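Observations on the three-dimensional arrangement
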Amino acid sequence: MGDPSTVDQVGRLTFALRWRVEVRERDPSRAGGGAWAAGVTIIAVIEEQQSVGLISKKARLAMAKQAWDEAQECYDQLIRLQPTRVKWRRAAVDLVKVRFDKREDVEEVYECAKAEFARRVELAPEDPMAHFDLGYAWVMLTASFALATEELAAAEAAFKQAIRISPELRAGYAGMKILYNKRSIAGHHCYLEAIDVARTAVDRNYEDPEAWCDLGDAFNENYDVNMKQDALHAFQWAVKLDPNMTEAYFKIASIQRILSVDDDSAISSYERVIELEPDSDWAKMARRSLEHMRGGPSGPRPSGAAMPVPGYVPQFRDFTPQSQQQIIRLVNKPSGGGNEEGPE
């Protein structure tokens, strides 16, 4: 099996678990059945995470060099590995947008793509992710800046179907949050509705860092009320749950700069982004931000400088009083009362 001292920390853990599994297979009396089963399960989880990391990096590189077919293959693999993860579903649709957006027949291409997603719904009408894909396609695959009324209605219907089929799944709520953001951009000020639906997703998926990141986005995108501090707390919770969440670290750093909380903390968060995904768009933006903060090209961090530390886990009391009242109103709102556009 090799020398465990020559592999990284994850490799050493995998080595130890594999050793336990092999011992069990050779001599069942030397390892309990529970330990054996746990070892098999943990190995599978570790190997899935390693595969996801490698494939997602390959997808980023393929997108950077506009190798569209290769990128599509990568996202298909990621969806097979993690079929309910919204991130990969969105990436697959976004790829269609990026790939064909400059074509003269773009509207025809988008209609064909949406027809394909609709066909998949017909083939699997009780698959919530098929409904999410269709709803997100209606939101993204349009040649216009603002969504037409029928596009909004089609997307909302698809996302609500996803929620109806699987109310514990994050996908439908994530879709509705995206839709409310689009409506807000168009001037309809659906900020509280976006916060409401993102909060529901967190309540049902409390340990999902991407749900917390969505909630942070909803707070951060509220242009009626400054909720940057609340957004910061939500993003900090996301990295507490997933210390490798590049997007959340970038958004933490950006808010820290806006709030003028601590430049060293913002620099550490930007550097964490670069460390995690040096070839990503997040890393490119982080480098530009560091150059601006330092007044020149970003170099190595000074010796002895503090390493990035994930933020504390915020409680309800950590949110501003105004935000607490908004959340209380949303939580206590009667079912179906005064929110015709919210999820059923």
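All values reported here derive from a predicted model rather than from experimental measurement.

**Considerations on the overall build of the chain**
Helices and strands together make up the secondary structure of the chain, namely 15 helices and zero strands. Looking at the chain as a whole, 44% of its 344 residues are labelled buried. Taking contacts inside the chain between residues at least 6 apart in sequence as the whole, the part at least 24 apart equals 56%. For the chain, the accessible area works out to roughly 18300 Å², and carbon and sulfur atoms hold 52% of it.

**Some remarks on the packing of helix α10 (residues 209-220) against helix α12 (residues 246-259)**
Two elements in contact, α10 and α12, have axes separated by 11 Å at closest approach and are oriented at 30 degrees. Between α10 and α12, the interaxial angle falls into the category roughly parallel. Taken as a pair, α10 and α12 cross one another with a handedness that is left-handed. Contacts from C213, D217 and N220 of α10 reach α12 at E247, A248, K251 and I255. When grouped by side-chain class, the residues that make up the contact of α10 with α12 number three nonpolar, one polar and three charged.

**Some words on helix α7 (residues 149-165)**
With 17 residues, α7 should reach 24 Å at 1.5 Å per residue; the first-to-last C-alpha distance of 24 Å fits that figure. For α7, every residue scored as buried is listed here: E151, L152, A155, E156, A158, F159, K160, A162, I163 and I165. Of the surrounding elements, those touching the buried residues of α7 are α5 (106-123), α6 (128-140) and α8 (171-185).

**Looking at the side chain of N220**
Looking at the element boundaries, N220 is found in helix α10. Within the local environment of N220, its side chain forms a polar contact with the side chain of K228, the two groups lying 2.7 Å apart.

**A few points about helix α13 (residues 263-276)**
For α13, built from 14 residues, the straight-helix expectation of 20 Å at 1.5 Å per residue is met to within 8% by its first-to-last C-alpha distance of 20 Å. Taken together, the buried positions of α13 are occupied by A266, I267, S268, S269, Y270, E271, R272, V273 and I274. Buried residues belonging to α13 abut α12 and α14 (281-294).

**Concerning unusual backbone geometry**
Located in the positive-phi region is Q66, a residue other than glycine, with phi close to 60 degrees. Judged by relative accessible area, Q66 falls into the exposed class, the value being 53%. The backbone of H189 shows a phi angle near 55 degrees, a positive value even though the residue is not glycine. Among the secondary structure elements, H189 is positioned in the loop between α8 and α9 (191-204).

**Quick word on the packing of helix α4 (residues 86-100) against α5**
For the pair α4 and α5, the least separation of the axes is 10 Å and the interaxial angle reads 160 degrees. Considering the angle they form, α4 stands roughly antiparallel to α5. As for how α4 packs across α5, the hand of that crossing is right-handed. Counted together, V93, V96, K97 and F100 of α4 and V106, V109, Y110, A113 and F117 of α5 form the full contact between these two elements. By residue class, the composition of the contact of α4 with α5 is eight nonpolar, no polar and one charged.

**Things to note about the packing of aromatic side chains**
Tallied over the entire structure, the rule returns eight aromatic pairs. With 5.9 Å between their ring centres and 5 degrees between their planes, F132 and Y136 make a pair best called stacked. Here Y136 and F132 lie together in helix α6, a separation of four residues that amounts to about one turn. For F132, a relative accessible area of 0% gives the class buried. For the pair Y206 and W237, a centre-to-centre distance of 5.4 Å together with 85 degrees between the ring planes defines the contact as edge-to-face. With Y206 in the loop between α9 and α10 and W237 in helix α11 (residues 228-241), this residue pair connects regions lying 31 residues apart in the sequence. Given a relative accessible area of 42%, Y206 falls into the partly exposed group. The exposure class of W237 is buried, given its relative accessible area of 7%.

**Some words on the pattern of salt bridges**
If you walk through the whole model with that rule in mind, you get 23 salt bridges. Between E70 and K65 there is a salt bridge whose closest N-O contact spans 3.6 Å. Of the residues examined, E70 reaches a relative accessible area of 27% and is grouped as partly exposed. Its salt-bridge partner being R85, residue E210 comes within 2.6 Å of it at the nearest N-O pair. Here E210, found in helix α10, pairs with R85, found in the loop between α3 (68-81) and α4; they are 125 residues apart in sequence, far enough to count as distant. The partly exposed category is assigned to R85, whose relative accessible area is 23%. Overlapping salt bridges bring together R85, R170, E210 and D214 as one network.

Basis of the calculations
Residues numbered from 1 in each chain as written. Predicted model: local features only at pLDDT ≥ 70, side-chain atom pairs only at ≥ 80, totals over all residues. Heavy atoms only, no water. Helix = DSSP H or I, 4+ residues; strand = E, 2+ residues; numbered from the N terminus. Buried < 20%, exposed > 50% of the residue type's maximum accessible area, 1.4 Å probe, protein only. Contact = heavy atoms within 4.5 Å. Areas by Shrake-Rupley, 256 points an atom, 1.4 Å probe, with all protein chains shown as cover. Axes fitted to C-alpha atoms, helices over the stretch in contact; angles between N-to-C directions. Parallel < 35°, antiparallel > 145°, perpendicular 65-115°, else oblique. Left-handed = near helix turned anticlockwise from the far one by under 90°. Nonpolar A, V, L, I, M, F, W, Y, C, P; charged D, E, K, R; others polar. Expected span 1.5 Å × (residues − 1). Polar contact = N/O pair within 3.5 Å; in protein donor to acceptor, adjacent residues only side chain to side chain. Phe/Tyr/Trp six-rings, centres within 6.5 Å; stacked < 30°, edge-to-face > 60°. Salt bridge = Lys/Arg side-chain N within 4 Å of Asp/Glu carboxyl O.

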